[in-house]
There are 2 protein chains.
Amino acid sequence: MTDIQAYMQSLGENARAAAEQMSLADVHSKNEALLAIADAIDAGADTIKAENAKDLQAGREKGLDAALLDRLELNDDRIAGMSEGLRQIARLPDPVGDITDLAFRPSGIQIGKMRVPLGVIGIIYESRPNVTADAAGLCLKSGNATILRGGSEAIHSNQAVAACIRDGLTAAGLPANAVQVVETTDRAAVGELICAKQYVDVIIPRGGKSLIERISNEATVPVIKHLDGICHVYIDDRADKAKACDIAINAKTHRYGVCNAMETLLVNKAVAADILPELAKAFIAKGVELRGCEQTCALIDDCVAATDEDWDTEYLAPILSIKIVDDMMQAIAHINHHGSHHTDTIVTEDYSKVRQFLRAVDSSSVMVNASTRFADGFEYGLGAEIGISTDKLHARGPVGLEGLTSQKYIVLGDGQIRE
Amino acid sequence: MTDIQAYMQSLGENARAAAEQMSLADVHSKNEALLAIADAIDAGADTIKAENAKDLQAGREKGLDAALLDRLELNDDRIAGMSEGLRQIARLPDPVGDITDLAFRPSGIQIGKMRVPLGVIGIIYESRPNVTADAAGLCLKSGNATILRGGSEAIHSNQAVAACIRDGLTAAGLPANAVQVVETTDRAAVGELICAKQYVDVIIPRGGKSLIERISNEATVPVIKHLDGICHVYIDDRADKAKACDIAINAKTHRYGVCNAMETLLVNKAVAADILPELAKAFIAKGVELRGCEQTCALIDDCVAATDEDWDTEYLAPILSIKIVDDMMQAIAHINHHGSHHTDTIVTEDYSKVRQFLRAVDSSSVMVNASTRFADGFEYGLGAEIGISTDKLHARGPVGLEGLTSQKYIVLGDGQIRE
């Protein structure tokens, strides 16, 4: 056994033991821990910034680009954001122990479901050290133990946050090992973590698509993942024009670098000539580059021809591909084949089309007359999210506290036996 | 690409295309198909028996043991069982399209969840050819496409049933590829199926523990699995003696070879002397071999000393291990560490202990004053089950139609955009 194997095994054993205690922790202790961690982060802001400065310095020496350095930075605002996030999680209802659907059966037994933690959750993430606090907070509240493996470029920052988390857990009388942050930057640690079926119940990778694909391909532990967000807005021939324009502009330009931004606009051919030139003007005024199908280019000046690749691309940038379709069925087929099963919207006033679109679009969020930007744990009322799952198994769409739990059956009897 | 790879890829492509149609199939067509398959099986009983006879003959020549040959046999009763099972599935409510939890958010959008099929389900099973009809029926009703890979010893029987399934699907206007039964006995087909992430959304293995462990270790497609059933009954010091005896005897002796039978009896030391000798007599009268801890052996004649291995063994036989414990906490610790997280029962009249036991026992079914034998899809009101999951992710406990589906978010708006 290598040193890394032995180290990861010890983390796994610690986590398993802590998970057993965490699953029984009452909501009061968990909230106390969350608040104590938040206080420790506030009190330790200077230490955290000093450790973060080491990471930033090393990053600059390694020649990390400006975007990466920005994500790596923990300034006062971001530190306050971490502690405020934890206080918000403390205010959320605790899903653990909830009993639903208790119903009698003909045998006289009463069957229901009780919500319980998953156990041990492994989180693998890249440069943003604030994920350490966010992810730890959600896993803690849902009664799970966590093993966090952040990016090597953020190792000092993550360890500084980890120290605050340990302090808070201990202050609340919960096991310090309920949240463990991997202390080595050796990449072999990731390989061990994602195959530690004995110790880890689920892996949640957060970061770029290539990281997530690699983990998903190599893991033997189940993975809840978010791949890309190629989101669509389809403007139907029965769309309200004002709603269509508002939604399309909001879905594309509210923020560019987010997974729930629109990347492709589909427009019914019957209304394209009426809507597209106007809409294009608004996009261009906001600096959005337009790439269209042949018909679109015929309607809009300043639109370059889209290639086949455009329909399968998550730009995360002020670029929009536009395609004119014959009818809703063609729009649905395009979405299901070129989209990423993330979030897609129809704009229409037609009742039957609404029903068809909701049913036929195979995405984690299917919307009617609303901006794709709403696909988000806070907007959905989950309070916070660990990510947005583009998988179908277990959790689909924004994953909050409930997605970090499972349900077991409970059976209440009065001495019943099976005949 | 080998021939097997190409063949399995073609099955995958067929299944993906069929899944898209199946996800939109209305309940009427799905029920029509189920009934048509049932009719085809009844009408084809002679052909099925003739094909089954080939498998039985080959099995005898290969020297399969009597138990395996029994599981392989399709007689009139079992054929009628298959078609009746399909008719029962037709009578179950269709979960697909169900919308729940539609609620308004402060932004004015309305969020809910719609139940949708998982997509393509791969089923890998061993000698029992009736699984072909059962599994196909459940996957069909839940709107999924299925690729079934049965045991090589049942290849003729499975293909005969597959022909009936194809006929029924076609008669109802559904794609024949919605259910595909692998036609090769080459083991490489299993390896391809469990790693075909592009085509298969989930693998459900059914069979012995070694098959399931192998598949679970090698699969990159997510697996819903059932490992073993080491179920416990704990008789508390506050137990009603009559209920305790009834439940213990029923849990052990109602059927021996099933996963929800009791394998270990835990008895509180305060009541052991009162209950155990009487209970032991009843077990011995039914031919159950008793293996006990030291204290148990001191109380019961005809009880052999249990070894450490006994506490971790699923006998599936008229053998019972018995341990006397100091208190409920020791019983819970024993269950969580030696059990298989399947089904465990406490017998007690104590309210606070009930609450603690329900919360602390980490099993897919946790029971109070009821026989473990109730852990079953029919008894729980699911109508039918594809298996009992001992996993925590996605589905835990008996898995019926709902476990073969997922939920996507739907968002209904009136033109809302994100501010």
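What you are looking at is a predicted structure, and each value in this text was computed from that prediction instead of being measured.

Basis of the calculations
- Residues numbered from 1 in each chain as written.
- Chains lettered and ligands numbered in written order.
- Predicted model: local features only at pLDDT ≥ 70, side-chain atom pairs only at ≥ 80, totals over all residues.
- Helix = DSSP H or I, 4+ residues; strand = E, 2+ residues; numbered from the N terminus.
- Rg over C-alpha atoms; globule rule 2.2 N^0.38 Å.
- Contact = placed C-beta atoms within 7 Å.
- Core = buried A, V, L, I, M, F, W, Y, C linked by C-beta atoms within 7 Å.
- Buried ≥ 20, exposed ≤ 12 C-beta atoms within 10 Å, placed from the backbone.
- Nonpolar A, V, L, I, M, F, W, Y, C, P; charged D, E, K, R; others polar.
- Pairing = 2+ DSSP bridges.
- Axes fitted to C-alpha atoms, helices over the stretch in contact; angles between N-to-C directions.
- Least-squares fit on C-alpha atoms with pLDDT ≥ 70 in both.
- Right-handed = clockwise from strand over helix to strand, strands pointing away.
- pLDDT = per-residue confidence, 0-100.
- Expected span 1.5 Å × (residues − 1).
- Parallel < 35°, antiparallel > 145°, perpendicular 65-115°, else oblique.
- Arc of directions from axis to C-beta.

Q: Let's hear about the overall build of chain A: which residues, and what values?
A: When helices and strands are counted, chain A shows 14 helices and 16 strands. Computed over the C-alpha atoms, the radius of gyration of chain A is 24 Å, within 12% of the 22 Å expected from 2.2 N^0.38 for a compact globule of 419 residues. Principal-axis analysis of the C-alpha atoms places the extent of chain A at approximately 70 × 65 × 40 Å. Restricting the contact set of chain A to residue pairs at least 6 apart, pairs at least 24 apart contribute 72%.

Q: So what's going on with the nonpolar core? Which residues, and what values?
A: Counting residues in each nonpolar core, the largest one holds 124 residues, and the members touching the most others are Val 411 of chain A together with Ile 37, Ile 41, Ile 203 and Ala 248 of chain B. Once you skip the residues sitting within four places of it in the chain, Ala 248 of chain B turns out to touch Val 233, Ile 235, Met 262, Leu 265 and Leu 279 of chain B. Ranked by size, the runner-up nonpolar core spans 123 residues in total, among them Ala 19, Leu 290, Leu 320 and Ala 370 of chain A.

Q: Let's hear about the interface of chain A and chain B: which residues, and what values?
A: If you look at the interface, chain A gives 55 residues, while chain B gives 55 residues. The set of elements that each furnish at least two residues to the side of chain A that touches chain B consists of β2 (110–117), α10 (241–253), α14 (351–360), β13 (365–370) and β16 (405–416) of chain A. Looking at the side of chain A that touches chain B element by element, the count peaks at eleven residues for β16 of chain A. When its residues are assigned to classes, the side of chain A that touches chain B shows 22 nonpolar, 20 polar and 13 charged. Pairing between β16 of chain A and strand β13 (residues 365–370) of chain B: five bridges, direction parallel. Paired with Ile 410 of chain A across the strands is Val 366 of chain B, a residue of β13 of chain B.

Q: Lay out the environment of Arg 396 of chain A with the relevant residues and their values.
A: Within the fold, Arg 396 of chain A resides in the loop between β14 (387–389) and β15 (397–399). Put simply, Arg 396 of chain A and Ala 17 of chain A are 379 residues apart on the chain and 29 Å apart in space, counted from C-alpha to C-alpha. In this structure Arg 396 of chain A touches Ser 364, Ser 389 and Asp 391 of chain A together with Ser 406, Gln 407 and Lys 408 of chain B, once residues within four positions along its chain are discounted.

Q: So what about the sheet that holds strand β16 (residues 405–416) of chain B? Which residues, and what values?
A: Pairing is mixed in the open sheet, where ten strands are placed in the order β10(A)-β9(A)-β11(A)-β8(A)-β7(A)-β12(A)-β13(A)-β16(B)-β2(B)-β1(B). The open sheet has two edge strands with one neighbour each: β10 (303–305) of chain A together with β1 (99–104) of chain B. The average angle at which neighbouring strand axes cross in this sheet is 25°, direction not considered. As judged from the eight bridges shared by strand β2 (residues 110–117) of chain B and β16 of chain B, these two strands associate in the antiparallel manner.

Q: Describe in detail the sheet that holds strand β9 (residues 289–292) of chain B, supporting the description with residues and values.
A: The strands making up a sheet associate through hydrogen bonds between their backbones, and the pairing can be parallel or antiparallel. Strand order in the open sheet formed by ten strands is β1(A)-β2(A)-β16(A)-β13(B)-β12(B)-β7(B)-β8(B)-β11(B)-β9(B)-β10(B), with mixed pairing between adjacent strands. Looking at the sheet topology across the chains shown, the edges are occupied by β1 (99–104) of chain A together with β10 (303–305) of chain B. Strand-to-strand twist across the sheet, computed as the mean angle between neighbouring axes with direction ignored, equals 25°. Both strand β7 (residues 231–235) of chain B and strand β12 (residues 343–347) of chain B contribute to a ladder of four bridges, which runs parallel. What sits directly across from Val 233 of chain B, in β12 of chain B, is Thr 345 of chain B. Along the sheet, helix α14 (residues 351–360) of chain B makes contact with β2 and β16 of chain A together with β12 and β13 of chain B, crossing β13 of chain B at roughly 155°.

Q: I'd love a proper account of the relation of the copies chain A and chain B, names of residues and values included.
A: Once turned by 180° and shifted 0.0 Å along the axis, chain A lies on chain B with an RMSD of 0.0 Å. In short, the pair behaves as if placed about a two-fold rotation axis. For chain A, the minimum C-alpha distance to the rotation axis belongs to His 394 of chain A and amounts to 1.8 Å. Most of the interface of chain A is mirrored in chain B, where 100% of its interface residues are also at the interface.

Q: Give me the lowdown on the environment of Asp 94 of chain B, citing residues and values where you can.
A: All names here are of chain B. Summarising the element assignment, Asp 94 is placed in the loop between α5 (76–91) and β1. In this structure Asp 94 comes out as partly exposed when scored by C-beta crowding, with 19 C-beta atoms within 10 Å. Sequence spacing of Asp 94 and Val 27 is 67 residues, and the spatial spacing of their C-alpha atoms is 6.4 Å. Sequence-distant contacts of Asp 94, defined by excluding residues within four places in its chain, comprise Val 27, Lys 30 and Lys 141.

Q: Before we move on, could you go through the pairing of β7 of chain B and cite the residues and values that matter?
A: Residues and elements named next belong to chain B. Within β7, five of the five residues are buried, which leaves the element mostly enclosed by the surrounding structure. On β7, burial covers both faces: Cys 231, Val 233 and Ile 235 on one face and His 232 and Tyr 234 on the other are all buried. Pairing of β7 with strand β8 (residues 262–268), which is carried by five bridges, proceeds in the parallel orientation. By the bridge assignment for β8, Tyr 234 is matched with Leu 266. Following the backbone out of β7, through helix α10 (residues 241–253) and into the adjacent parallel β8, one traces a crossover that is right-handed.

Q: For the confidence of the model for chain A, give the residues involved together with the corresponding values.
A: Confidence along chain A averages 96 in pLDDT terms, with 100% of residues attaining 70 or more. Reported for the predicted complex are a pTM of 0.93 and an ipTM of 0.94.

Q: Report on the pairing of strand β3 (residues 120–125) of chain A, specifying residues and quantitative values.
A: Residues and elements named next belong to chain A. For β3, a buried count of six out of six residues is recorded, marking the element as mostly surrounded by other parts of the structure. With burial as the criterion, each face of β3 is covered, one bearing Val 120, Gly 122 and Ile 124 and the other bearing Ile 121, Ile 123 and Tyr 125. Looking at chain direction, β3 and strand β4 (residues 145–149) are connected through five bridges and run parallel. Counted as the bridge partner of Ile 124 is Arg 149 from β4.

Q: Talk me through α10 of chain B; I want residue IDs and the actual numbers.
A: Along an α-helix, a turn takes 3.6 residues, which lines up residues three or four apart on a common side. Helix length check: α10 of chain B (13 residues) gives 18 Å between terminal C-alpha atoms against 18 Å at 1.5 Å per residue, within 8%. Of the positions making up α10 of chain B, those classed as buried are Lys 243, Ala 244, Ile 247, Ala 248, Ile 249, Asn 250, Ala 251 and Lys 252 of chain B.

Q: Explain the packing of helix α5 (residues 76–91) of chain A against helix α6 (residues 130–141) of chain A residue by residue, including any values.
A: All names here are of chain A. One can describe the packing of α5 onto α6 by two numbers: an axis separation of 9 Å at closest approach and a directional angle of 5°. One finds that α5 runs roughly parallel with respect to α6. Touching Arg 78, Gly 81, Met 82, Gly 85, Leu 86 and Ile 89 of α5 are Asn 130, Ala 133, Asp 134, Gly 137, Leu 138 and Lys 141, all from α6. Across the contact of α5 with α6, the residue classes break down as five nonpolar, four polar and three charged.

Q: Explain α14 of chain B residue by residue, including any values.
A: Those residues of α14 of chain B not exposed but buried are Lys 353, Phe 357 and Leu 358 of chain B. The arc enclosing the buried residues of α14 of chain B, seen along the axis, measures out at 130°, which places them on a common side. Residues of α14 of chain B that are exposed and point more than 90 degrees away from the buried face comprise Tyr 351, Ser 352 and Arg 355 of chain B. Where α14 of chain B is buried, its residues contact β2 and β16 of chain A together with α13 (328–338), β12 and β13 of chain B.

Q: Provide a residue-level description of unusual backbone geometry, including the pertinent values.
A: Phi at His 341 of chain A is positive, roughly 60°, even though this residue is not glycine. Looking at the element boundaries, His 341 of chain A is found in the loop between α13 (328–338) and β12 (343–347). Residue classification places His 341 of chain A among the buried residues on the basis of 23 C-beta atoms within 10 Å. Of note in the backbone geometry, Leu 316 of chain B takes a positive phi value of approximately 50° without being a glycine. Looking at the element boundaries, Leu 316 of chain B is found in the loop between β10 and β11 (319–325).

Q: Outline the environment of Leu 401 of chain B, listing residues and values.
A: Residues and elements named next belong to chain B. As for its position among the elements, Leu 401 is in the loop between β15 (397–399) and β16. Linking Leu 401 and Ser 142, residues 259 residues apart in sequence, is a C-alpha distance of 5.7 Å. In this view, Leu 401 contacts Leu 92, Pro 95, Leu 138, Lys 141 and Ser 142; residues no more than four positions away in its chain are not counted.

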